[in-house]
Amino acid sequence: MGQETRFTITPHPSPVAADERAVLLENPGFGRVFTDHMVTVKWTSDKGWHDAQVGARRPFQLDPAAAVLHYAQEIFEGMKAYRLADGSVTLFRPDENARRFNESAARMAMPDVPEELFLAAIESLVEIDRGWIPGGEGSLYLRPFMFASEPFLGVRPASEYIFCVIACPVGAYFKGGAKPVTLWVSDDYTRAAPGGTGAAKCGGNYAASLVAQAEASRHGCDQVVFLDAAEHRWVEELGGMNIFFAMDDGSLVTPPLGTILPGITRKSLITLARDAGIVVQEQPYSFDQWQADAASGRLREAFACGTAAVVAAIGEVRHAGGSFLIGDGGTGPLTTRLREELVGIQRGTLADTRGWLRRA
Ligand SMILES: *Cc1c(COP(=O)(O)O)cnc(C)c1O
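Note that residues are indexed from 1 along each chain, following the sequence as it is written. Whole-chain, interface and lining totals are the exception, using all residues; otherwise, since this is a predicted model, local features are given only for residues with pLDDT of at least 70 and side-chain atom pairs are given and counted only at 80 or more. To obtain the side-chain values, all non-hydrogen atoms of the structure were included, while hydrogens and water were left out.

(A) Spatial organisation of the pattern of salt bridges. The term salt bridge refers to a side-chain nitrogen of Lys or Arg lying within 4 Å of a carboxyl oxygen of Asp or Glu. Throughout the structure, instances matching the rule amount to 16 salt bridges. Between R191 and E237 there is a salt bridge, with the nearest N and O atoms lying 2.8 Å from each other. Of this pair, R191 sits in the loop between β9 (181–185) and α5 (203–218) while E237 is found in strand β11 (residues 235–238), placing the two residues 46 residues apart along the sequence. The same class applies to R191 and to E237, which are both buried. Residues participating in the shared-partner salt-bridge network are R93, D95, E96, R99 and K267. Only DSSP runs of H or I covering at least 4 residues are called helices, and only runs of E covering at least 2 are called strands; the numbering of each starts at the N terminus. Burial classes: relative accessible area under 20% of the type maximum marks a residue as buried, over 50% as exposed, and values in between as partly exposed (1.4 Å probe, protein chains only).

(B) Region of interest: the nonpolar core. Side-chain atoms within 4.5 Å link the members of a nonpolar core, which is a set of buried Ala, Val, Leu, Ile, Met, Phe, Trp, Tyr and Cys residues. F118, L142, M146 and F163 are the most contacted members of the largest nonpolar core, which totals 40 residues. Here, two residues are considered to be in contact whenever any of their heavy atoms come within 4.5 Å of each other. If near-sequence neighbours (up to four positions away) are discounted, F118 is found in contact with E77, M79, P94, N97, A98, F101, V113, P144 and F163. Judged by nonpolar contacts, the second largest core, of 25 residues, contains I243, A302, A309 and V317.

(C) Spatial organisation of the packing of aromatic side chains. Stacked, edge-to-face and tilted labels apply to pairs of Phe, Tyr and Trp rings (six-membered ring for Trp) whose centres lie within 6.5 Å, assigned for plane angles under 30 degrees, over 60, and everything in between, in that order. Taken as a whole and assessed by the stated rule, the structure comprises 17 aromatic pairs. With 5.0 Å between their ring centres and 75° between their planes, F245 and W290 make a pair best called edge-to-face. One end of the pair, F245, is in strand β12 (residues 242–247); the other, W290, is in helix α7 (residues 287–296), and 45 residues separate them in sequence. Each member of the pair, F245 together with W290, is buried. When the ring centre of W132 is taken as origin, the NZ or CZ atom of R21, which lies over that ring, is 5.9 Å away. Throughout this description, the term charge over a ring refers to an Arg CZ or Lys NZ atom that lies within 6 Å of the ring centre and within 35 degrees of the ring normal. The ring of W356 has R354 lying over it, and the distance from NZ or CZ to the ring centre is 5.2 Å.

(D) Geometry of the side chain of N102. Considering the arrangement of structural elements, one finds N102 in helix α3 (residues 94–107). In this structure N102 comes out as buried when scored by relative accessible area, which is 13%. Apart from the residues within four sequence positions on either side, N102 is in contact with D112 and V113.

(E) Main features of helix α6 (residues 264–275). Expected span of a helix: the number of residues minus one, times 1.5 Å. With twelve residues, α6 extends 16 Å from end C-alpha to end C-alpha; this agrees with the ideal 16 Å at 1.5 Å per step. Three or more residues of α6 are buried, namely I264, T265, R266, S268, L269, I270, L272 and A273. Just downstream of α6, G277 is the residue with a positive phi angle, here 85°.

(F) Broad picture of the pairing of strand β3 (residues 48–56). Most of β3 is tucked away: seven of the nine residues are buried. Of the strand pairs in this sheet, strand β2 (residues 37–44) and β3 are connected by seven bridges, and their pairing is antiparallel. Among the inter-strand pairings, V39 is bridged to a residue of β3, identified as V54. Counting the residues in the hairpin turn of β2 and β3 gives three residues. Each pair of strands is called paired provided DSSP finds at least two bridges between the two strands.

(G) Layout of the site of the ligand. For each residue, the test is whether any non-hydrogen atom lies within 4 Å of the molecule or strand; if one does, the residue is near. What surrounds the ligand is a group of 15 residues, the closest being K201, Y206, E237, T265 and T307. Counting of polar contacts relies on pairs of N or O atoms within 3.5 Å, with two restrictions inside protein: one atom must be capable of donating a hydrogen and the other of accepting it, and residues adjacent in sequence are counted only when both atoms are side-chain atoms. Within the contact set of the ligand, an oxygen atom lies 2.8 Å away from a side-chain nitrogen or oxygen of R100. Here a nitrogen atom of the ligand sits 3.5 Å away from a polar atom, N or O, in the main chain of M241. Considering the ligand on its own, with 380 Å² of exposed area, one finds that the protein chains cover 97% of that surface. Broken down by class, the residue content of the shell around the ligand amounts to four nonpolar, seven polar and four charged. Only the protein chains shown count as cover for residues, and all accessible areas are computed by the Shrake-Rupley method using a 1.4 Å probe. In this classification, the charged set is Asp, Glu, Lys and Arg, the nonpolar set is Ala, Val, Leu, Ile, Met, Phe, Trp, Tyr, Cys and Pro, and all remaining amino acids, among them Gly, are polar.

(H) Representation of a nonpolar patch on the surface. What makes a patch is a set of residues exposed beyond 30% relative accessible area and free of salt bridges, joined within 9 Å when like-charged and within 5 Å when nonpolar (Val, Leu, Ile, Met, Phe, Trp, Tyr). A cluster of nonpolar side chains, F60, L62 and L69, forms an exposed patch at the surface whose accessible area comes to about 250 Å². Within the element layout of this structure, L69 appears in helix α2 (residues 68–71).

(I) Geometry of the UniProt feature "modified residue: N6-(pyridoxal phosphate)lysine" (unreviewed entry) in the protein. UniProt positions are given in the numbering used here, feature names are shortened, and annotations may be inferred rather than shown by experiment. Within the UniProt annotation, "modified residue: N6-(pyridoxal phosphate)lysine" (unreviewed entry) is assigned to K201. K201 sits in the buried class, given a relative accessible area of 11%. Setting aside its immediate chain neighbours within four residues, K201 contacts I75, F76, E77, G78, R100, S104, Y206 and L261.

(J) Structural view of the domain arrangement of the protein. Domains are outlined according to an automatic or database domain assignment. Here the protein is partitioned into domain 1 (8–170) and domain 2 (181–346). Taken together, the contact pairs 21 residues of domain 1 with 20 residues of domain 2. Contact with domain 2 buries surface across domain 1, with F76, F92 and R100 losing the most and accounting together for 35% of the total. Scanning the region where domain 1 abuts domain 2 turns up one salt bridge. The closest approach of N and O atoms between E96 and K267, which form a salt bridge, is 3.0 Å. Inspection of the domain 1/domain 2 interface yields eleven residue pairs in polar contact (both at pLDDT 80 or more). Among the secondary structure elements, those contributing two or more residues to the side of domain 1 that touches domain 2 are β4 (74–76), β5 (79–83), β6 (89–92) and α3. In the side of domain 1 that touches domain 2, the residues fall into nine nonpolar, four polar and eight charged. As a working definition, buried area equals the accessible area (1.4 Å probe) given up by two parts on being put together, with both sides summed.

Below is the structure:
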């Protein structure tokens, strides 16, 4: 990291008052309440990364021709900072987010953000907005992102970008315990094709999933689950979460990497399961097989996973041809066990034997 990428820190001149903040932290919801500050770093093709700032959170001034507004050259990450019982603050595997951010950047023809710059940006924001980290079951959700800011309507990778980090205090994703989710299997829409951007965490993937998510809502479902684009046969993932299946022989099955987003929660759960002697098969699983296994009882549990919700049981699946339950429609024992183990490590109530936590 060059000298220019040392952060200039300008604290917010009138941050939210402590009593007002305490009220906001009582029930922050998800993604609605923001902290006082933001981090911004600029990149231009001639200067590289420069002008690293920690300052008051405020709107961007963007030229209406900024490339991101036209061609969607944008990527993001999602990660959490936790306040542990002893008052210390930790991040969960932030190096994995940094690495994935750069994989997304490479796919979207954007510049690499050096890992130390990415981590320093995160840590600077956590430091200055430390008072916004809820205790208890809450956490501080961090949203690093990068977009093409160059005003230019020609189609080519932009020559100017902004890397930014904002943060929101969030409560427990599921209030009053995790209720199993109901999934809608989309017949009409897919989220990713071989050679496409499915493995990149880019805003465009989400834009393309919204109409399918709306269809899921119309059918009374919480989330959409996508099948592969080529054969429309293999289960891929949800709009923003990976998926696991627990079989009656004690093994887990999860779709392989390729067109799906390589979730850090997915990767961590695979490690936890394998370390506990559970066989985890990363292999294609068809929707037909899913229905047959749910009917025969071979499939015992299914769950979705991601940073926001951690692990969420799947209780029911609906599709154009009908619906079926997974097990008794509740949260199964393996789902509960893996969730508790991962949450325990993140929250510091279980030993972090793998070096996953980073003090912030
Ligand atoms: C972010 C994301 C996930 C989950 O990734 P985590 O690293 O576990 O939070 C899964 N699917 C999609 C499409 C995502 O964008």
